[in-house]
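Inside the fold
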Amino acid sequence: MPFSEGDAKKGANLFKTRCAQCHTLKEGEGNKIGPNLHGLFGRKTGSVAGFQYTDANKQKAITWDQNTLFDYLENPKKFIPGTKMAFGGLKKDKDRNDLITFLREETK
C-alpha cells in the first residue's frame, strides 16, 4: 500500500515519542545519533554532511519521498540491510502516514 495523507498532529506526537531522541528537524540544528532531517524530501540516502553513515546507507542511492519513506519506516533494517538505525519501525500504515505527513511540513 502506498502513502496516503495522514494526520500531522498525530505524526508530531509520533515524532516526539519515537524519533526526536535521535533526529532533529530544523535547518542548522545539527545531527544527533541520527542525521538532521531538514531537507529530507528529495534528498538521497546517506548524504547529510558531517554524519557517519554505513556503506549500506550510502550505497542504497534512493531519493527520499513519501513512498520511499513509507516503505523504509515499516522496517528500516529490511529496507536498508546494514543500516545502523536501531529503530524497529512503525508497522501500522496509519502511523507511517501520520509521521510522513508531519515530516513533509516540518523538514522544509
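Keep in mind that what you see is a predicted model, and the values were worked out from it rather than measured.

This part is about the overall build of the protein chain. Counting its secondary structure elements, the protein chain contains five helices and zero strands. Ordered by position in the sequence, the α and β elements of the protein chain form the string α-α-α-α-α. The C-alpha atoms of the protein chain give a radius of gyration of 13 Å, which matches the 13 Å a tight globule of 108 residues would have. Along the first, second and third principal axes, the C-alpha set of the protein chain runs to 35 × 30 × 25 Å. Taken across its 108 residues, the protein chain has 43% of its residues classed as buried. For the protein chain, the proportion of contacts with a sequence separation of at least 24, taken over those separated by at least 6, is 45%. Carbon and sulfur atoms provide 53% of the accessible area of the protein chain, an area that totals close to 6,100 Å². Measuring between centres, the 19 positive side-chain charges of the protein chain sit 5 Å from its 13 negative side-chain charges.

Summed over the entire model, instances satisfying the criterion amount to five aromatic pairs. On the basis of an interplanar angle of 70° and a centroid distance of 4.8 Å, the ring pair of Phe51 and Tyr53 is categorised as edge-to-face. Take Phe51: its relative accessible area is 15%, and that puts it in the buried class. With a relative accessible area of 15%, Tyr53 lands in the buried category.

Moving on, we come to the side chain of Arg96. On the secondary structure map, Arg96 appears in helix 5 (residues 93-106). In this structure the side chain of Arg96 is engaged in a polar contact, spanning 2.9 Å, whose partner is the side chain of Asp93. With residues up to four places along the chain from it excluded, the contact list for Arg96 reads Phe70, Leu73, Glu74, Leu90 and Lys91.

The next point concerns the nonpolar core. Formed by 22 residues in total, the largest nonpolar core has its most connected members in Phe15, Trp64, Tyr72, Leu73, Leu99 and Leu103. Mapped onto this core, the elements with two or more residues apiece are helix 1 (8-18), helix 3 (66-74) and helix 5. Ignoring anything within four residues of it in the chain, the contact list for Tyr72 reads Trp64, Phe79, Ile80, Thr83 and Met85.

A separate point is the environment of Asn36. Position of Asn36 relative to the elements: it lies in the loop between helix 1 and helix 2 (55-60). Residue class for Asn36 comes out buried when judged on its relative accessible area of 8%. Asn36 sits 31 residues away from Glu5 along the chain, and the two C-alpha atoms are 23 Å apart. When neighbours within four sequence positions are excluded, Asn36 is seen to be in contact with Thr24, Leu25, Lys26, Glu29, Gly30, Asn31, Arg43 and Val48. Within the structure, Asn36 has its side chain in polar contact with the side chain of Thr24 (distance 2.7 Å).

How each quantity is defined
Residues numbered from 1 in each chain as written. Predicted model: local features only at pLDDT ≥ 70, side-chain atom pairs only at ≥ 80, totals over all residues. Heavy atoms only, no water. Helix = DSSP H or I, 4+ residues; strand = E, 2+ residues; numbered from the N terminus. Rg over C-alpha atoms; globule rule 2.2 N^0.38 Å. Buried < 20%, exposed > 50% of the residue type's maximum accessible area, 1.4 Å probe, protein only. Contact = heavy atoms within 4.5 Å. Areas by Shrake-Rupley, 256 points an atom, 1.4 Å probe, with all protein chains shown as cover. Lys, Arg positive; Asp, Glu negative; His and termini not counted. Charge placed at Lys NZ, Arg CZ, Asp CG, Glu CD. Phe/Tyr/Trp six-rings, centres within 6.5 Å; stacked < 30°, edge-to-face > 60°. Polar contact = N/O pair within 3.5 Å; in protein donor to acceptor, adjacent residues only side chain to side chain. Core = buried A, V, L, I, M, F, W, Y, C linked by side-chain atoms within 4.5 Å.

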